[in-house]
Amino acid sequence: MTRIVREITPLTEHDFFIVLDHQNAKFDFPIHYHPEYELNLVLHSEGKRIIGDSIKNYDSVDLVLIGPNTPHAWSGNTDNARVITIQFQPNILSEQTLNRKASLPIKDLLNKSKLGVLFSEETTQNITNRILKLSDVSGFDSFLDFLSILYDLSISRNQLTLSSPSYVDQFDTSKSRRIKMVNQYLIDNLHNPIKIADVAEMVNMSSSAFSHFFKKRTQRAFSDYLLDIRIGHAARSLVETEKNISEICFESGFNNISNFNRSFKKLEGCTPREFRSQQKLITKH
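Residues numbered from 1 in each chain as written. Predicted model: local features only at pLDDT ≥ 70, side-chain atom pairs only at ≥ 80, totals over all residues. Heavy atoms only, no water.

A. Broad picture of the overall build of the chain. Looking only at helices and strands, the chain has 12 helices and 9 strands in total. The C-alpha radius of gyration of the chain comes to 20 Å, within 12% of the 19 Å expected for a compact globule of 285 residues. Seen along its three principal axes, the alpha-carbon backbone of the chain occupies a region of about 60 × 45 × 35 Å. Summed over its atoms, the accessible surface of the chain is roughly 14700 Å², and 48% of this surface lies on carbon and sulfur atoms. For the chain, the distance from the average position of its 34 positive side-chain charges to the average position of its 33 negative side-chain charges is 7 Å. (Helix = DSSP H or I, 4+ residues; strand = E, 2+ residues; numbered from the N terminus. Rg over C-alpha atoms; globule rule 2.2 N^0.38 Å. Areas by Shrake-Rupley, 256 points an atom, 1.4 Å probe, with all protein chains shown as cover. Lys, Arg positive; Asp, Glu negative; His and termini not counted. Charge placed at Lys NZ, Arg CZ, Asp CG, Glu CD.)

B. Highlighting the packing of helix α6 (residues 177–188) against helix α8 (residues 207–218). At a minimum axis distance of 11 Å, the contact between α6 and α8 shows a crossing angle of 100 degrees. On the basis of the axis angle, α6 is roughly perpendicular to α8. From α6, R178, I179 and V182 reach across to α8, where they touch F210, F213, F214, R217 and T218. (Axes fitted to C-alpha atoms, helices over the stretch in contact; angles between N-to-C directions. Parallel < 35°, antiparallel > 145°, perpendicular 65-115°, else oblique. Contact = heavy atoms within 4.5 Å.)

C. Up close: helix α2 (residues 104–112). Every buried residue of α2 is accounted for by I106, L109 and L110. Projected onto a plane normal to the axis of α2, the buried residues spread over an arc of 100 degrees and lie on a single side. (Buried < 20%, exposed > 50% of the residue type's maximum accessible area, 1.4 Å probe, protein only. Arc of directions from axis to C-beta.)

D. Molecular detail of the pattern of salt bridges. Under the counting rule described, the total for this entry stands at 6 salt bridges. The partner of D152 in a salt bridge is R130, and the shortest N-O contact between them spans 2.7 Å. Taken together, the residues span a long stretch of sequence, with D152 in helix α4 (residues 139–154) and R130 in helix α3 (residues 121–133) at a distance of 22 residues. The salt bridge partner of E251 is K243, with a shortest N-O separation of 3.0 Å. Relative accessible area serves as the criterion here: at 27%, E251 is assigned to the partly exposed category. Given a relative accessible area of 30%, K243 falls into the partly exposed group. (Salt bridge = Lys/Arg side-chain N within 4 Å of Asp/Glu carboxyl O.)

E. Layout of the pairing of strand β7 (residues 82–88). The element β7 is extensively covered by neighbouring structure, given that 6 of its 7 residues are classed as buried. Across 7 bridges, strand β2 (residues 17–23) lies against β7 in antiparallel orientation. Across the sheet, residue D21 finds its bridge partner in β7, namely I84. Note: strand β4 (residues 37–51) against β7, 7 bridges, orientation antiparallel. The residue bridging V42 from the neighbouring strand is V83, located in β7. (Pairing = 2+ DSSP bridges.)

F. A look at the environment of E274. Within the fold, E274 resides in helix α12 (residues 272–284). For E274 and P90, which are 184 residues apart along the polypeptide, the C-alpha to C-alpha distance reads 35 Å. A distance of 2.9 Å separates a polar side-chain atom of E274 from the backbone nitrogen of T271. (Polar contact = N/O pair within 3.5 Å; in protein donor to acceptor, adjacent residues only side chain to side chain.)

G. Geometry of the packing of α2 against α4. It is at 8 Å that the axes of α2 and α4 come closest, and there the two elements cross at 75 degrees. Taken together, α2 and α4 sit at an angle that is classed as roughly perpendicular. Contact with α2, carried on its side by P105, I106 and L109, involves L147, L150, Y151, L153 and S154 of α4 and no other residues of that element. In terms of residue class, the contact of α2 with α4 is built from 7 nonpolar, 1 polar and no charged. (Nonpolar A, V, L, I, M, F, W, Y, C, P; charged D, E, K, R; others polar.)

On their own, these measurements won't tell you what the molecule is for.
Shown next, in the form of structure tokens:
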């Protein structure tokens, strides 16, 4: 079993946020999670980044927003690495504030951060100096500067979510009774063939009506959503168990290894075997 630890952050109930500046970072903390949000800026390093069930390479600079209780870790060269970590409270802005028109982009960003949000190289370059300067400002001015950074990140282009929804068990659609029923059905029957007609019938809809409803609610085609859940389940098993890859393949609903390998590599950028090897490398740091 992989060691995933709960981190006790230095953030207190009296803080809006804290800035931790790690010069000559060693990347020696295991995969961990905490109930606070975290904006992590990695400079002068390259290596591997794990967010939920996503393990990807990063290069030179890396900026990611991580939501509450999402496992994460970085592993990289440490010759001249610098890591700026901003941790902030889940209730830094009230629900009433987030629901106001001007704040809706921030609300959307915070919702997506449960999967980990990777910002583009252009956005990272534009925002880096402002993040570095946060340590030099104090009091309410620093809070205003931080909110300005958060807003500009929320409207930035080419954001990329990293983890699959099934790994972090976060769905923006959870308030829908039908979607909850579908999610539970998919999880319970993941090892079996699943047809959209059967799922549609379960929620008393035609296949075409269900397809339209599902995409409107999830912003995903049903087939893509199901594939995300299958790959997320497989990735979690690769990380958290010692089961062999063939067993994980069939448990996740794939009918042959070649299709499993091809689908996994398309979504994760590497084969299941490489994914497991990379994860073990990260946990050693």
